[in-house]
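# Descriptive analysis of the structure
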Amino acid sequence: MPWTFENGIPIYRQLTRRIMVLIASGSYKPGDKLPSVRDLAIEAGVNPNTMQRAYSELEQSGVIYTERTSGRYVTDDLKKLTALRIDLSTEEISRLYSELEKLGLSDDEIRKAVIDYKRN
Amino acid sequence: MNRLSCTNLTKRYGRLTALNGITLELQPGKIIGLLGPNGSGKTTFIKLFNGLLQPTAGELLIDGMPIGPDTKAEVAYLPDNDFLPEYMTIKGFLDYYEDFFKDFDRKRAEKLLEPLGLPLSQKIKTCSKGTKEKIRLIVTLSRRAKVYFLDEPIAGVDPAAREYILKTLVENYAEDAVVILSTHLISDVEPILDDVLFIKNGNIVLHEETDSIRERTGKSVDELFREEFRC
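It should be emphasised that the depicted structure is a prediction, and the values quoted were computed from it without experimental measurement.

What counts, and where the lines are drawn
Residues numbered from 1 in each chain as written. Chains lettered and ligands numbered in written order. Predicted model: local features only at pLDDT ≥ 70, side-chain atom pairs only at ≥ 80, totals over all residues. Heavy atoms only, no water. Helix = DSSP H or I, 4+ residues; strand = E, 2+ residues; numbered from the N terminus. Rg over C-alpha atoms; globule rule 2.2 N^0.38 Å. Buried < 20%, exposed > 50% of the residue type's maximum accessible area, 1.4 Å probe, protein only. Domains from an automatic or database assignment. Contact = heavy atoms within 4.5 Å. Buried area = accessible area lost by both parts, 1.4 Å probe. Salt bridge = Lys/Arg side-chain N within 4 Å of Asp/Glu carboxyl O. Polar contact = N/O pair within 3.5 Å; in protein donor to acceptor, adjacent residues only side chain to side chain. Nonpolar A, V, L, I, M, F, W, Y, C, P; charged D, E, K, R; others polar. Axes fitted to C-alpha atoms, helices over the stretch in contact; angles between N-to-C directions. Parallel < 35°, antiparallel > 145°, perpendicular 65-115°, else oblique. Left-handed = near helix turned anticlockwise from the far one by under 90°.

## Observations concerning the overall build of chain A
Helix and strand counts for chain A stand at five helices and two strands. The linear arrangement of helices and strands in chain A, starting from the amino end, is α-α-α-β-β-α-α. The C-alpha radius of gyration of chain A comes to 17 Å, more than 25% above the 14 Å expected for a compact globule of 120 residues. Dimensions of chain A, computed from the C-alpha atoms along their principal axes, are close to 55 × 35 × 25 Å. Per-residue burial over chain A gives 33% buried out of 120 residues.

This is the structure:
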């Protein structure tokens, strides 16, 4: 099945994020070889040039690196992977926080709601 | 170098102007969506580059050559109507295509046909509409061409067949080729397009990268199209 995309956000950025999540969640482990641009483009149902761009972004952020002849790999720098996990979770929390704020919850109520949710 | 270009390309049918002075350059290595409503000039544009129509005015070039036998040898064309000879078997049709086109890669065609589970001895007239559409696409993509014109390749097939067709396209187009895909089913093809051309009343009103449109407008190409061409 091709991946699904949200409207109005560049596709390369959605690919970048999706691969980051795959890495942060351990679907791709530190040091793992990543699929080739074309293979992953076919799996995702996107243009190979778009996938290439997503890989370049990930490379720039240091989450993946290229071995000149053999392909692309997930970094084995655990500090970077921890930072990635924190970045992604901060994004999720900020989304959740702004939704709850819209509902009129105070900071204390938000904190309590999160703890209660986990407990139940 | 441009793979494909035209300057002031104009086509009139009597008093009707189908293409109104289009100037365009397309580089290799891209899949380009030619998007416009019915009657906007998509098929006329494609037929001109295939030498099936003569322009009223203007110049058009493929790899720097004027349209003729040399360009036809490197252009693969999937027309919007059914061109399969009903009386042939699939194998007979492959023989026929191999005779016609020097760049036809028969091994590739047979490999792509394999997952469809069709015996090559099957008569084309007994194939379903979706299967015929797949066969047409497979023989077109099995040419090692420099330019592919696909006119409405996914109209009239079910969503699973659509997915198969687009996947086959992404898997098989050569990296130095340019693929021009005309369709009005934009949301299905949007993720595989590098660039889009909006064609409206014979004019190109937009030529931009898919992701740049999404970034600039905060909309998908499909949404932007619906706005631009609202009735």
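## A closer look at the environment of E59(A)
Residues and elements named next belong to chain A. Inspection of the secondary structure assignment puts E59 in helix α3 (residues 48-60). By relative accessible area, E59 is classed as partly exposed at 33%. In sequence terms E59 and Y73 are 14 residues apart; their C-alpha atoms lie 9.6 Å from each other.

## Brief notes about the domain arrangement of chain A
Residue and element names in this part refer to chain A. Each assigned domain of chain A is listed here: domain 1 (11-76) and domain 2 (79-119). Of note, the centres of domain 1 and domain 2, computed from C-alpha atoms alone, are 27 Å apart. Contacts between the two partners involve 11 residues from domain 1 and, on the opposite side, eight residues from domain 2. Interface of domain 1 and domain 2: buried area, both sides summed, is about 750 Å²; carbon and sulfur atoms make up 69% of it. Across the domain 1-domain 2 interface, the total number found is two salt bridges. Notably, a salt bridge pairs E92 with R17, separated by 2.7 Å at the nearest N-O pair. Summed over the shared surface of domain 1 and domain 2, the number is three residue pairs in polar contact (both at pLDDT 80 or more). Classifying every residue of the side of domain 1 that touches domain 2 by side-chain character gives seven nonpolar, three polar and one charged.

## Side note on the interface of chain B and chain A
Taken together, the contact between chain B and chain A spans 23 residues of the former and 21 residues of the latter. Our count for the contact surface shared by chain B and chain A stands at two salt bridges. In this structure, E175(B) and R38(A) form a salt bridge, with 3.0 Å as the shortest nitrogen-oxygen distance. Joining chain B to chain A, the criterion identifies 15 residue pairs in polar contact (both at pLDDT 80 or more).

## Overview of the packing of helix α1 (residues 11-24) of chain A against helix α4 (residues 78-102) of chain A
Residues and elements named next belong to chain A. Contact pair α1 / α4: the axes reach a minimum separation of 10 Å and the direction vectors enclose 120°. One way to sum up the angle between α1 and α4 is to call them oblique. Crossing handedness for the pair α1 and α4: left-handed. Mapping the contact onto sequence places R17, M20, V21, I23 and A24 in α1 and L81, L84, R85, L88, E91, E92 and R95 in α4. Here the residues of the contact of α1 with α4 are counted per class, giving seven nonpolar, no polar and five charged.

## Things to note about the environment of L78(B)
Residues and elements named next belong to chain B. Relative to the elements of secondary structure, L78 occurs in strand β6 (residues 75-78). L78 sits in the buried class, given a relative accessible area of 1%. As for L78 and F49, which are separated by 29 residues in sequence, their C-alpha atoms are 13 Å apart. Those residues in contact with L78, other than ones at most four positions away along the chain, are F83, R136, L137, T140, F149, L150, D151 and P153.

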